[in-house]
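Chains, contacts and geometry: an overview
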Amino acid sequence: MEIKKQKEGTNLTINLAGRLDTTTAPQLDNELKSVLDGIQNLVMDFEELEYISSAGLRVLLGTEKVMKKQGQMVIRNANDTIMEVFEITGFADILTIE
């Protein structure tokens, strides 16, 4: 998985490419923990993300909890497969998805 970050003031966009699974979820979790301090608007761009597993969902849920306290998190450009995972798991009701 590839992680690209763009920070502008209190806004952060994270672009993910590849697979967010058991192997790569810890990498994303560590990356997020190191950059979320002071961030009010987090955009997770999934345009190039192909797959998400339960491990990836756990990272998103933890990040959503952090961001609710300090701002907001939005997920953009999720493909049909990832949207289906969000809908089946109920994450579509928890997360802000554009």
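Residues numbered from 1 in each chain as written. Predicted model: local features only at pLDDT ≥ 70, side-chain atom pairs only at ≥ 80, totals over all residues. Heavy atoms only, no water.

Within this structure, the stated rule accounts for 1 aromatic pair. Directly above the aromatic system of Tyr51 lies the positively charged group of Arg19, at a separation of 4.1 Å from the ring centroid. (Phe/Tyr/Trp six-rings, centres within 6.5 Å; stacked < 30°, edge-to-face > 60°. Lys NZ or Arg CZ within 6 Å of the ring centre and 35° of its normal.)

Counted under the stated rule, the structure contains 6 salt bridges. Across the salt bridge formed by Lys4 and Glu2, the nearest N and O atoms sit 3.9 Å from each other. Under the relative-accessibility criterion, Glu2 is labelled partly exposed at 42%. Notably, a salt bridge pairs Lys33 with Asp29, separated by 3.3 Å at the nearest N-O pair. Residue Lys33 and its partner Asp29 are both found in helix α1 (residues 25-35); the two are separated by 4 residues, about one turn of the helix. The exposure class of Lys33 is exposed, given its relative accessible area of 61%. (Salt bridge = Lys/Arg side-chain N within 4 Å of Asp/Glu carboxyl O. Buried < 20%, exposed > 50% of the residue type's maximum accessible area, 1.4 Å probe, protein only. Helix = DSSP H or I, 4+ residues; strand = E, 2+ residues; numbered from the N terminus.)

Positive phi outside glycine occurs at Asn77, with the angle close to 60°. Tracing the chain through its elements places Asn77 in the loop between β4 (72-76) and α3 (80-89).

Next up on the list: the sheet that holds strand β2 (residues 11-20). Taken in spatial order, the 5 strands make up an open sheet running β1-β2-β3-β4-β5, and their pairing is mixed. The outermost strands of the open sheet, each flanked by one partner alone, are β1 (2-8) and β5 (96-97). In terms of strand pairing, β1 meets β2 through 7 bridges, oriented antiparallel. The residue bridging Lys5 from the neighbouring strand is Ile14, located in β2. The strands that helix α2 (residues 54-70) touches are β2, β3 (41-52) and β4; relative to β3, the one it contacts most, it runs at about 175°. (Pairing = 2+ DSSP bridges. Contact = heavy atoms within 4.5 Å. Axes fitted to C-alpha atoms, helices over the stretch in contact; angles between N-to-C directions.)

Note that Glu64 resides in helix α2. Sequence-distant contacts of Glu64, that is, excluding residues within four places in its chain, are made with Met73, Ile94 and Leu95.

Moving on, we come to α3. With a side-chain oxygen lying 3.0 Å from the backbone nitrogen of Thr81, the N-terminal cap of α3 falls on Asn79. Phi turns positive, to about 85°, at Gly90, one or two residues after α3. (Polar contact = N/O pair within 3.5 Å; in protein donor to acceptor, adjacent residues only side chain to side chain.)

Attention now goes to the pairing of β3. Where β2 meets β3, 9 bridges bridge the pair, whose relative direction is parallel. Within β3, the residue paired with Ala17 across the bridge is Glu48. Handedness of the β2-α1-β3 crossover: right-handed. In this fold, the crossover linking β3 to β4 by way of α2 has right-handed handedness. (Right-handed = clockwise from strand over helix to strand, strands pointing away.)

It is worth stressing that arrangement in space is one thing and function is another; only the former is reported here.
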